[in-house]
Amino acid sequence: MRVAASVSQGRGPALENATRVAVVASLGATTMLFASLVSAYLVRRSFADWRPSPALWPLGLLAFALIASGGVEIAARDAGARRRLGFQALALASGLYLAGALGVIGSVASAEGGLQMPFNAFVALLLGVHVVHAIVGGGFAIWVLRVEGSGPSDHGLWLARLVTHFLTALLCAIVFLLFGLQ
Amino acid sequence: MSGGGESRGILSRYVFSLDHRVIGLQYLMTAMGMALVGGLLALLVRMQIAWPSHEFRAVSRLLPQGFDEGIMKPEFYAALFTMHGTIMIFFVLSAALIGGFGNYLIPLQVGARDMAFPRLNALSYWIYLVSSVVMLASFFTPSGPAASGWTAYPPLSALKGAIAGSNLGQDLWLVAMALFILSFTLGGLNFLATIVALRRPGLLMMDLPLFTWAMFFVAILGLLAFPSLTAASIMLLLDRHAGTSFFIPTGLVLSGEAVQGGGGSPILWQHLFWFLGHPEVYILMLPSLGITSDLFGVFTGRRVFGYASMVYAMALISGMSFLVWGHHMFVSGMSPFLGSAFAVTTTLIAVPSGVKVFNWIASLWNRPLRLTTPMLWALGIFSLFVTGGLSGIWLGQTQIDIQLHDTAFVVAHFHIIMAGAALFGVFAGVHYWFPLFFGRLMNERLGIAHFLLTFVFYYATFFPMHLAGLQGQVRRVYDPYQYDYLKPLASMNAFITWAAVALAISQILFFVNFFWSLKKGNPAGPNPWTAPTLEWSEPAPAEENA
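Residues numbered from 1 in each chain as written. Chains lettered and ligands numbered in written order. Predicted model: local features only at pLDDT ≥ 70, side-chain atom pairs only at ≥ 80, totals over all residues. Heavy atoms only, no water.

Novice: What is the right way to read the overall build of chain A from this model?
Specialist: From N to C terminus, chain A includes six helices and zero strands. Starting at the N terminus and ending at the C terminus, chain A contains elements arranged as α-α-α-α-α-α. Residues counted as buried form 47% of the 182 residues belonging to chain A. Across chain A, contacts joining residues at least 24 apart in sequence account for 74% of those joining residues at least 6 apart. For chain A, the accessible surface area stands at approximately 8300 Å², while carbon and sulfur atoms represent 67% of it. (Helix = DSSP H or I, 4+ residues; strand = E, 2+ residues; numbered from the N terminus. Buried < 20%, exposed > 50% of the residue type's maximum accessible area, 1.4 Å probe, protein only. Contact = heavy atoms within 4.5 Å. Areas by Shrake-Rupley, 256 points an atom, 1.4 Å probe, with all protein chains shown as cover.)

Novice: How should the overall build of chain B be read in this particular structure?
Specialist: A tally of regular secondary structure across chain B gives 16 helices and four strands. Over its C-alpha trace chain B gives a radius of gyration of 23 Å, about what one expects of a compact globule, namely 24 Å for 546 residues. Taking the principal axes of its C-alpha atoms as reference, chain B extends roughly 70 × 60 × 45 Å. Buried positions account for 60% of the 546 residues belonging to chain B. With an accessible surface of roughly 20600 Å², chain B has 69% of that area assigned to carbon and sulfur atoms. Of note, chain B has its 25 positive side-chain charges centred 9 Å away from the centre of its 22 negative side-chain charges. (Rg over C-alpha atoms; globule rule 2.2 N^0.38 Å. Lys, Arg positive; Asp, Glu negative; His and termini not counted. Charge placed at Lys NZ, Arg CZ, Asp CG, Glu CD.)

Novice: How should the interface of chain A and chain B be read in this particular structure?
Specialist: In many reports, interface size means the accessible area that the parts give up when they come together. Between chain A and chain B, the contact holds 29 residues from the first and 32 residues from the second. Buried surface at the junction of chain A and chain B, summed over both partners, amounts to about 2400 Å²; 78% is from carbon and sulfur atoms. For the interface between chain A and chain B, the tally reads zero salt bridges. Taken together, the residues of the side of chain A that touches chain B break down into 20 nonpolar, six polar and three charged. (Buried area = accessible area lost by both parts, 1.4 Å probe. Salt bridge = Lys/Arg side-chain N within 4 Å of Asp/Glu carboxyl O. Nonpolar A, V, L, I, M, F, W, Y, C, P; charged D, E, K, R; others polar.)

Novice: Please explain the packing of helix 4 (residues 74-110) of chain B against helix 5 (residues 118-137) of chain B as it appears in this structure.
Specialist: For any two helices packed against each other, the geometry is given by the interaxial angle and the distance between the axes. Residues and elements named next belong to chain B. Helix 5 packs onto helix 4 with a crossing angle of 165° between their chain directions and a minimal axis gap of 12 Å. Taken together, the axis directions place helix 4 and helix 5 in an arrangement best described as roughly antiparallel. For the crossing formed where helix 4 meets helix 5, the hand is left-handed. Contact residues: helix 4 offers Met 83, Thr 86, Ile 87, Phe 91, Ala 95 and Asn 103, while helix 5 offers Asn 121, Tyr 128, Ser 131, Ser 132, Met 135 and Leu 136. Taken together, the residues that form the contact of helix 4 with helix 5 break down as seven nonpolar, five polar and no charged. (Axes fitted to C-alpha atoms, helices over the stretch in contact; angles between N-to-C directions. Parallel < 35°, antiparallel > 145°, perpendicular 65-115°, else oblique. Left-handed = near helix turned anticlockwise from the far one by under 90°.)

Novice: I keep staring at the environment of Ile393(B) and nothing clicks. Help me out?
Specialist: Residues and elements named next belong to chain B. Of note, Ile 393 is situated in helix 12 (residues 373-395). Using a relative accessible area of 39% as the deciding quantity, one classes Ile 393 as partly exposed. A C-alpha to C-alpha distance of 28 Å links Ile 393 and Pro 227, two positions 166 residues apart in sequence.

Novice: Got a minute to help me understand helix 8 (residues 266-300) of chain B in this structure?
Specialist: One full turn of an α-helix is made of 3.6 residues, so residues set three or four places apart face in the same direction. Residues and elements named next belong to chain B. Helix length check: helix 8, at 35 residues, gives a terminal C-alpha distance of 51 Å against a target of 51 Å (1.5 Å per residue), a fit within 8%. Burial of helix 8 is extensive: 33 of the 35 residues sit out of reach of the surface. Directly after helix 8, the chain includes Gly 301, whose backbone phi takes a positive value near 80°. (Expected span 1.5 Å × (residues − 1).)

Novice: Looking at this structure, how should I read the confidence of the model for chain B?
Specialist: Close reading of the predicted structure is inappropriate where its pLDDT is low. Residues and elements named next belong to chain B. On average, residues of chain B carry a pLDDT of 94, and 97% of them reach 70 or more. For residues 1-5, every residue scores under 50 in pLDDT, and the model assigns this stretch three contacts once sequence neighbours within four places are set aside. Predicted confidence is poor over residues 542-546, with pLDDT under 50, and the contacts of this stretch with residues over four places away or in other chains come to 15 contacts. (pLDDT = per-residue confidence, 0-100.)

Novice: Explain the packing of aromatic side chains here, please?
Specialist: For the coordinates displayed, the defined rule picks out 66 aromatic pairs over all chains. Considering the side-chain rings of Trp325(B) and Phe342(B), the 5.0 Å spacing of their centres and the 70° angle between planes classify their relative orientation as edge-to-face. Taken together, the positions of Trp325(B) in the loop between helix 9 (307-320) and helix 10 (336-348) and Phe342(B) in helix 10 put the pair 17 residues apart, joining distant regions of the chain. When the ring centre of Trp158(A) is taken as origin, the NZ or CZ atom of Arg20(A), which lies over that ring, is 4.7 Å away. Here the basic side chain of Arg303(B) rests over the ring of Tyr307(B), its NZ or CZ set 3.7 Å away from the ring centre. (Phe/Tyr/Trp six-rings, centres within 6.5 Å; stacked < 30°, edge-to-face > 60°. Lys NZ or Arg CZ within 6 Å of the ring centre and 35° of its normal.)

Novice: I'm lost on helix 3 (residues 58-77) of chain A in this one. Help?
Specialist: All names here are of chain A. Given a rise of 1.5 Å per residue, 20 residues ought to cover 28 Å, and the 29 Å separating the end C-alpha atoms of helix 3 matches this to within 8%. What helix 3 keeps buried is the set Pro 58, Leu 61, Leu 62, Ala 65, Ala 68, Ser 69, Gly 71, Val 72, Glu 73, Ala 75 and Ala 76. The inward-facing, buried residues of helix 3 abut helix 4 (81-110), helix 5 (118-145) and helix 6 (154-180).

Novice: Looking at this model, I keep getting lost on the environment of Met83(B). Mind explaining?
Specialist: Its location among the elements puts Met83(B) in helix 4. In this structure, the C-alpha to C-alpha distance between Met83(B) and Pro145(B), residues 62 residues apart in sequence, is 7.5 Å.

Novice: What's the story with unusual backbone geometry in this structure? I'm lost.
Specialist: Glycine aside, residues mostly have negative phi, and peptide bonds are mostly found in the trans state. Residues and elements named next belong to chain B. Residue Pro 155 is reached from Pro 154 by a cis peptide bond, and omega for that bond is 10°. In this structure, Glu 69 takes a positive phi of about 55° despite not being glycine. By the secondary structure assignment, Glu 69 is in the loop between strand 1 (67-68) and strand 2 (71-72). Glu 69 gets classed as exposed once you look at its relative accessible area, which sits at 63%.

Novice: Even after reading the chapter, I still don't get the nonpolar core, so can you show me in this structure?
Specialist: Across soluble globular proteins, nonpolar side chains have a tendency to be buried as a group. All names here are of chain B. Judged by nonpolar contacts, the single largest core of 235 residues is most densely connected at Phe 91, Phe 101, Trp 213, Met 235 and Trp 433. The dominant element in this core, judged by the number of residues it contributes, is helix 4, at 24 residues. Filtering out sequence-adjacent residues up to four positions away, Phe 91 remains in contact with Ala 31, Met 34, Thr 86, Tyr 128, Ser 131, Ser 132, Met 135, Ala 176, Met 177 and Phe 180. (Core = buried A, V, L, I, M, F, W, Y, C linked by side-chain atoms within 4.5 Å.)

Novice: Would you mind going over the pattern of salt bridges with me for this structure?
Specialist: Proximity of charged atoms lets side chains of opposite charge pair with each other. Residue and element names in this part refer to chain A. With the rule as written, the count across this model stands at six salt bridges over all chains. For Asp 49, the salt bridge identified is with Arg 44, shortest N-O distance 2.9 Å. Taking the relative accessible area as the measure of exposure, Asp 49 reaches 34% and is therefore partly exposed.

Novice: For this particular structure, what's the right way to read the packing of helix 5 of chain A against helix 6 of chain A?
Specialist: Residue and element names in this part refer to chain A. Two elements in contact, helix 5 and helix 6, have axes whose closest approach is 9 Å; the angle formed by their N-to-C orientations is 170°. By the angle between their directions, the pair helix 5 and helix 6 is classed as roughly antiparallel. Counted by class, the contact of helix 5 with helix 6 contains 20 nonpolar, six polar and no charged residues.

Novice: Even after reading the chapter, I still don't get the side chain of Asn190(B), so can you show me in this structure?
Specialist: Here Asn190(B) is to be found in helix 6 (residues 168-197). Other than its neighbours up to four places away in sequence, Asn190(B) contacts Met115(B), Ala116(B), Phe117(B), Leu120(B) and Asn121(B).

Novice: Is there a simple way to explain the side chain of Thr151(B) in this structure?
Specialist: Inspection of the secondary structure assignment puts Thr151(B) in the loop between helix 5 and helix 6. Not counting chain neighbours up to four residues away, the residues in contact with Thr151(B) comprise Trp269(B), Phe273(B), Trp274(B) and Arg476(B).

Novice: Got a minute to help me understand a nonpolar patch on the surface in this structure?
Specialist: All names here are of chain B. Nonpolar side chains collect at one region of the surface, where Val 386, Leu 390, Ile 393, Trp 394, Ile 400, Leu 467 and Leu 470 lie side by side and expose about 590 Å² of accessible area between them. Contributing elements (two or more residues each) for the nonpolar patch: helix 12 and helix 15 (444-470). A total of four residues in the nonpolar patch trace back to one element, the largest contributor, which is helix 12. Looking at the element boundaries, Ile 400 is found in helix 13 (residues 398-404). (Patch = residues over 30% accessible without salt bridge, like charges linked within 9 Å, V, L, I, M, F, W, Y side chains within 5 Å.)

Novice: Would you take a moment to explain the confidence of the model for chain A for this structure?
Specialist: Residue and element names in this part refer to chain A. Confidence in the prediction for chain A averages 83 pLDDT; 87% of positions are at 70 or higher. Looking at the elements of chain A, mean pLDDT is at its lowest for helix 1 (residues 2-9), recorded as 40, and at its highest for helix 2 (residues 13-44), recorded as 95. Across residues 1-11, confidence stays below pLDDT 50; counting only partners more than four residues off in sequence or on other chains, it has 30 contacts.

As structure tokens, then:
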């Protein structure tokens, strides 16, 4: 892959810049998507029939996401055992996050009132859309970090950090809006 | 033909190519095919408005599912205007101007070898093609295509079984739109990355042609506005299939039974939809405005007047397009204070638009004009932009809009300013860049005849709609003459329909000219218009990169 080679091995500064522009622009589009969803949520929660459900399990999701984000740092730092460890931590935490998020969506769908309850519907919606983005973003981060030899370029590391930290911040914001604003 | 190797070569060169020029032409050709469908639907809509109780035996034999004993069914009529709007706005005009011209021209105009991410670019086209096929496939579902308008307002679009088109057709509409948005997003990322990062060394942003500037703003608009429709579409799909009630209000009764759930807000959809919907207007118009500015420069022999202010005007129009969506919702019961705020922002957009108009006048003033076919189309865009812009100022005011909302006046306005300017932009671009695409010139006589007929019949079709709207003719009504006060408008509507038929027939000239010129057009030479922009420094037709 032309871009992958350029990104990972530091060749083609113009193409590196292009990749940066594209990644930042795609994060902008993602921000707008979640801004739209959150706007809808804020409007809906102002209605008289709004009934939130208190819960603690989202904190677990946050923790997993933070570990996953940290795993990128370790994985990217250098070659050798630490890097392998980082990748393993990243994979484990991502898997746990995915399972946790899908578990939460399943639990609100099967709870009393199910997805007809507006709060449950928004939990499923926001987490579900985040999961999709986490899969795509995580895949991208692994792609730019997976290089032979001496480790990723500064450029690849920057991209991976940007994406994973953005997704983590997004999850923090979603969890705060859903459970912190009650 | 020697066998498989050669045919694979042809496939990879002309079908599965990564070359931006081939991809641009693929977009253009697909959009032309979709235009034939969208145009046909428009004629059927006009036929129904002009003669609602007439028996159309011949047409009903071709489309038996849409007619009952020769008379068009109401649900088929609703499907026609829904699919006409959707296809023309997204799958024709957006695709041709942005996918077609954008892909072909941006790398050439910035001096790059190709788009930044050619595979992503090809993927963008193929997703667009699939989305077009999915949208067209809805015509062949048992209950027909979506029928809730191109705006897909709930609850009609949210409730399966509300009308025929609310079933599988509406699902396919949503899936096709999601795919289209994905395609547009991939294209937009590529455009931005290419313009910002792959410019030829020494080529500054303020040296770029205004068409490339327009594509730069279009990419930003699309990337920031389309997510709003994505969010709304996901929520609507969940309402339809997962039992949520984001947009379904309480108290609905469907076929005598109370709808489960409820508590949602259909107005929420309108906010999310129009947050995309209004920037989409500029997504369609900015490329045409960019083409007009560049052509005025080429055919007056001097760079367009006030180049920098043209760029700033496009930036302002783009930025302000995110602040005006509420003017589509003045009758939704919004606070009068909020309505006033949207009226002010809408009116303010006239300022950068006015800058463009005055710069164009200054560009043409006292200059020798070369009235070639592309220049005529550019002048046509100028005319439509002013005419449609003036009625836009009316519709931006709450007091007037409340009277004119959902009338034929609105149909006239957006067909002139948005659809017309964009369509004329497509014709201007095809005539202007045809030598670059294919190495030959299009026939000038045919081109001028096509322009004159289209210009006259376009106004003949859409200008009288202002008058019909002012007299209260509402849009999307199956039979306007069920209301006594609209009966005097029957002859005007018949006139509009005949003008639309003449407009459609005029387009045959374009297709004849296009395909004839492909084979028999005069060889163009390297720079037939003596244009100063970089794309003409390539040999014509440009050779493939890869």
